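Letter by letter, the chains look like this.
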Amino acid sequence: MLVLLPPSETKADGGRGAPLDHAALSFPELNPTRAKLADALVELAGDVPASIAVLGITERQVGEVTRNARLWTSPTMPALRRYTGVLYDALDVKSFTRAGLAKAQRRLAVTSSLFGVVSATDPIPAYRLSGGNSLPALGTIRAMWKPVLEPVLQSIDDLVVDLRSGTYSAFANLRPDAVTVRVVTENAAGERVTVSHFNKAYKGRLAHVLAVTRAEPSTVDQLAKVIRKAGLTVERTGDHALDLVTEG
């Protein structure tokens, strides 16, 4: 099983790993595109006003430009510790046992504007680049990734659980048998509506469950059984679709 997570805009500072080396990352087929994007991002960082405009940030966030300028020289840390925010707080990597962490390293991967997709333990630096950005020298991030990322993700034989957000889903279509999970709640009329406010938190909780379970689900029904056993409410809504139902 491979669980695909969205990235986060926020990243942890620092790290103890050696500077970025694409040879140390999973999915080496993506390295040529990774290198093009990294070089373009560093070049853009040489023009602070242009970086602020392209990245869609404010002058108060100029430190993000500094991060990009140091992309090739700053220290790295495992991807699951680099990404922060609501989803990753709920994932709670720090609480994993040694056995749970080993499973997470095999089962979790993060989609990324800069790297396409990285495994949980891939060493990456702090950076700023969003899925909706467009780099002057290269064009849209989506257009850069789709032709190269899609065949890589579609070649994965394991059960794939898609927790990506809409922006990052557009980077690559998955195989038809990949399982999509929608976070929903019931409104006053009893209608199922997509959750926005707690979406990331519930996806983080779900990712935690799937990362540490002793089970090895290979079908949608087996996957749903694992989720229910953890105390979450899930319903099958299609051949390869699940609704994770939150409390109102």
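Remember, it's a predicted structure, so these values are computed and weren't measured experimentally. (Residues numbered from 1 in each chain as written. Predicted model: local features only at pLDDT ≥ 70, side-chain atom pairs only at ≥ 80, totals over all residues. Heavy atoms only, no water.)

So, the overall build of the protein chain
- When you go through the protein chain residue by residue, the secondary structure sums to 10 helices and 12 strands.
- A compact globule built from 248 residues would reach a C-alpha radius of gyration of about 18 Å, and the protein chain, at 18 Å, matches this within 12%.
- Its C-alpha atoms give the protein chain principal-axis dimensions of roughly 50 × 40 × 35 Å.
- Per-residue burial over the protein chain gives 50% buried out of 248 residues. (Helix = DSSP H or I, 4+ residues; strand = E, 2+ residues; numbered from the N terminus. Rg over C-alpha atoms; globule rule 2.2 N^0.38 Å. Buried < 20%, exposed > 50% of the residue type's maximum accessible area, 1.4 Å probe, protein only.)

Looking at the packing of aromatic side chains
- Counted by the stated rule, this structure contains four aromatic pairs.
- An aromatic cluster is defined as three or more aromatic residues linked by ring pairs; in this entry it consists of Tyr-83, Tyr-88, Phe-115 and Tyr-127. (Phe/Tyr/Trp six-rings, centres within 6.5 Å; stacked < 30°, edge-to-face > 60°.)

Some thoughts on helix α9 (residues 199-212)
- Here α9 spans 20 Å end to end across 14 residues, near enough to the 20 Å set by a 1.5 Å rise per residue.
- Considered for burial, the residues of α9 that qualify are Asn-199, Tyr-202, Lys-203, Gly-204, Leu-206, Ala-207, Val-209, Leu-210 and Ala-211. (Expected span 1.5 Å × (residues − 1).)

A short note on the packing of helix α2 (residues 48-55) against helix α3 (residues 62-69)
- Between α2 and α3, the shortest axis-to-axis distance is 10 Å and the interhelical angle comes to 105°. Our classification of the angle between α2 and α3 gives roughly perpendicular. Residue-level inspection shows Val-48, Ser-51, Ile-52 and Leu-55 of α2 in contact with α3, the latter providing Val-62, Val-65 and Asn-68.
- Looking at the contact of α2 with α3 residue by residue, the class counts come to five nonpolar, two polar and no charged. (Axes fitted to C-alpha atoms, helices over the stretch in contact; angles between N-to-C directions. Parallel < 35°, antiparallel > 145°, perpendicular 65-115°, else oblique. Contact = heavy atoms within 4.5 Å. Nonpolar A, V, L, I, M, F, W, Y, C, P; charged D, E, K, R; others polar.)

Description of the side chain of Ser-8
- Within the secondary structure, Ser-8 sits in the loop between β1 (2-5) and α1 (31-45).
- At a separation of 2.9 Å, a polar atom in the side chain of Ser-8 contacts the main-chain carbonyl oxygen of Thr-84.
- With residues near it in sequence (within four places) discarded, Ser-8 still touches Tyr-83, Thr-84 and Tyr-88. (Polar contact = N/O pair within 3.5 Å; in protein donor to acceptor, adjacent residues only side chain to side chain.)

Quick notes on the pattern of salt bridges
- Within this structure, the stated rule accounts for 11 salt bridges.
- Ionic pairing is found between Arg-175 and Asp-157, a salt bridge with its closest N-O pair at 3.7 Å. In this pair, Arg-175 is assigned in the loop between α8 (166-169) and β9 (179-186) and Asp-157 in the loop between α7 (141-154) and β8 (160-162), connecting sequence segments 18 residues apart.
- Between Asp-243 and Arg-182 there is a salt bridge, and its shortest N-O distance comes to 2.9 Å. Taken as a pair, Asp-243 in strand β12 (residues 241-245) and Arg-182 in strand β9 lie far apart in primary sequence, 61 residues in all.
- Using a relative accessible area of 3% as the deciding quantity, one classes Asp-243 as buried.
- Bridged by salt links that share partners, the residues Glu-9, Asp-13, Glu-64, Arg-67 and Arg-128 form one connected network. (Salt bridge = Lys/Arg side-chain N within 4 Å of Asp/Glu carboxyl O.)

Here's the deal with α7
- The end-to-end C-alpha distance of α7 is 19 Å, a good match for the 20 Å that 14 residues give at a rise of 1.5 Å each.
- Approximately 40° is the largest bend angle found in α7, and it occurs at Pro-147.
- For α7, every residue scored as buried is listed here: Ile-141, Met-144, Trp-145, Leu-149, Glu-150, Val-152 and Leu-153.
- Elements that come into contact with the buried residues of α7 comprise β1, α1, β3 (108-112), β4 (116-119), β6 (134-135) and β7 (139-140). (Bend = angle between axes of the 7 residues up to and from the residue.)

So, the environment of His-240
- With respect to the secondary-structure elements, His-240 resides in the loop between β11 (233-238) and β12.
- Not counting residues up to four positions away in its chain, the partners in contact with His-240 are Pro-176, Asp-177, Ala-178, Val-179, Thr-180 and Val-220.
- One polar contact links the side chain of His-240 to the main-chain carbonyl oxygen of Pro-176, over a distance of 3.5 Å.

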